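Chains, contacts and geometry: an overview
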Amino acid sequence: MRRHLSLWASLSLVLVSMIIVTGSIFYGITIHETYRSIKQQESHLLTATGKMLSENDQIIQSLENKETNQSLISYTKAITSAYDLDYVVVMDMQGIRYTHPNLHKIGKPFQGGDEKTVLKGKEVISTAKGSLGKSLRYLIPVKNSSGKQIGALAVGIKLRTLNEVVTLSKQKYTSAVILSLVFSLLVTSIISMRLKKQLHNLEPSEIYQLLEERNAMLDQIENAVFIINRQHHIELVNPSANQLVQQKLNLEHLKGQKIERIFPNFPSLDLHQGHEQLLKWQDEDFLITISPISVKKDLRGYLLLLRNASDAIYTMDQLVYTTTYASALQAQTHKFMNQLHVIYGLVDISYFDQLKIYLDSLLEPESEFFTRLSVLIKEPLLASFLIGEQEKFQELNVNLAFEVTSDIPRNQTHNQLNNVLMIFRYLHTHVLKALKPKFVTITLSYQDDKLFSSYQINDKLIAAQDIETILQTHYFKQLLLKTHSKSTKELVTYPLEFTVAIPYNKGE
């Protein structure tokens, strides 16, 4: 696995690289300009000094007399020292030196080759190699009062001296660059520490991994997830939320939208309430969980988790029904073992008359309810629902009996089984629980991919009009229409009877 650079190393590498590149360019340009500027200044100094000396009476007099003297030599040395020059050389028309820093060179020809041009009356500024080494020098003709050239004058500064000045400037610039690098590393360290503190001591690679994990987690959540800011603008949604809103409102771009535009009843919710709240939207009920998002005790927004209430209720019902069914099977198994022990005991002591009476009692409808239900109904959730309903209405003093006249297979689709349970739950709530009839018989049968449920209500205290009103409600009609079910009723004579036929496809 490739090792990633730390935040400090990344920032330092970027900042130092930028400083080195920009510093190198600036350093090169500055040194070049400094060298050119110093050379230009020195050239101007040599030119000014040379012109001044070319008009000096002592130098003109010496050249006219064609001889040197100690006074002239001392004067040129004084000028050399005063103007930080390396040499001032006076020569005659044959190029013979009258002055020189090295006294042994006096009386000897001038070296460099550019003296020929100046002896012809032209000023020369050049870089040439003489007896003192390579130097920058200025040569100017010397004329007498009548304007006749009687010699020449050379003033110069050795390139080594010029390079020393440039080197001194380089050292200053180099020190500045090194100081900038050290300061940059210090600033980078401080910035990286502050950034890491704000990023909870996480490296960029770790933040990227957390981001990818969060996105993968949001993508895999089946429930709709919305993340909104404090102004209730949507910042992030998962694919389930996007799909849900697109189906209901045909909105594709949710980011930046106000959450109230999508859920008009959102202002009625309590944003600080921890448990689930009920939200009605597009004629459907949803359970919504609201979790605040805080950063260092500063509220930044909210996370909304939305799920269909019917799915949640169906899941809870599944758990309840399964528990009830398991408990009923456990009780039936225990009861069956007790019955076997009783039968074995009666046979062992030869009480055959008592055995016949006991076997007759076992065949009574009330005793064989669980047996018939578990054998004839192959759908565990439906069987557990019916067992739970019988126990529930027994507590309400409603004598509820089930008759299963044919095998009822497992259902092929979860949606159709949910439709069956919704219709049963509505009828049991509004007919059995609300009216509380004394005797109710529910007959179940399966035929032609339909589940037929016939209700016989034997209680003359209940009017047929009451049941008619329940079966004619708008909600029940919409429920039948949605599930493609049909209802028929015989509410003229007692017992009052109505039948509901619900689509029920047989599973594999």
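Above this text is the structure in question.
Overview of the structure. (Residues numbered from 1 in each chain as written. Predicted model: local features only at pLDDT ≥ 70, side-chain atom pairs only at ≥ 80, totals over all residues. Heavy atoms only, no water.)

What follows covers the sheet that holds strand β6 (residues 234-237). As summarised here, the arrangement of the five strands in space is β6-β5-β9-β8-β7, forming an open sheet in which the pairing is antiparallel. With one partner strand each, in any of the chains shown, β6 and β7 (277-281) form the two edges of the open sheet. Looking at each pair of strands side by side, their axes are set apart by 30 degrees on average, direction ignored. In terms of strand pairing, strand β5 (residues 224-229) meets strand β9 (residues 298-308) through six bridges, oriented antiparallel. In the strand pairing of β9, Asn229 is matched with Gly301. Strand contacts of helix α7 (residues 239-249): β5, β6, β7, β8 (284-295) and β9, with the helix running at about 95 degrees to β5, the strand carrying the most contacts. (Pairing = 2+ DSSP bridges. Helix = DSSP H or I, 4+ residues; strand = E, 2+ residues; numbered from the N terminus. Axes fitted to C-alpha atoms, helices over the stretch in contact; angles between N-to-C directions. Contact = heavy atoms within 4.5 Å.)

As a further point, take the packing of helix α12 (residues 380-395) against helix α13 (residues 414-435). The interhelical angle for the contact between α12 and α13, taken along N-to-C directions, is 10 degrees, at an axis separation of 11 Å. When the axis of α12 is compared with that of α13, the two are roughly parallel. From α12, Leu381, Leu382, Phe385, Glu389 and Phe393 reach across to α13, where they touch Leu417, Val420, Leu421, Phe424, Arg425, His428, Leu432 and Lys433. Counted by class, the contact of α12 with α13 contains nine nonpolar, one polar and three charged residues. (Parallel < 35°, antiparallel > 145°, perpendicular 65-115°, else oblique. Nonpolar A, V, L, I, M, F, W, Y, C, P; charged D, E, K, R; others polar.)

Burial of β5 is extensive: six of the six residues sit out of reach of the surface. Alternating positions in β5 separate into two faces, Ala224, Phe226 and Ile228 on one and Val225, Ile227 and Asn229 on the other, with burial throughout. Judged from the three bridges that link them, β5 and β6 form a sheet pairing that is antiparallel. Note that in β6 the partner of Phe226 across the bridge is Val237. (Buried < 20%, exposed > 50% of the residue type's maximum accessible area, 1.4 Å probe, protein only.)

On to the pattern of salt bridges, then. A complete count under the given rule lists three salt bridges for this structure. Among the ionic pairs, Asp298 bridges to Arg300, the shortest N-O distance being 3.0 Å. With a shortest N-O distance of 3.9 Å, Lys378 and Asp407 are connected by a salt bridge. Within this pair, whereas Lys378 is found in the loop between α11 (369-376) and α12, its partner Asp407 is found in the loop between β10 (399-404) and α13, the two being separated by 29 residues in sequence. Its relative accessible area of 47% is what places Asp407 among the partly exposed residues. Ionic contacts of the salt-bridge type, sharing partners, join the residues Arg230, Asp298 and Arg300 into one network. (Salt bridge = Lys/Arg side-chain N within 4 Å of Asp/Glu carboxyl O.)

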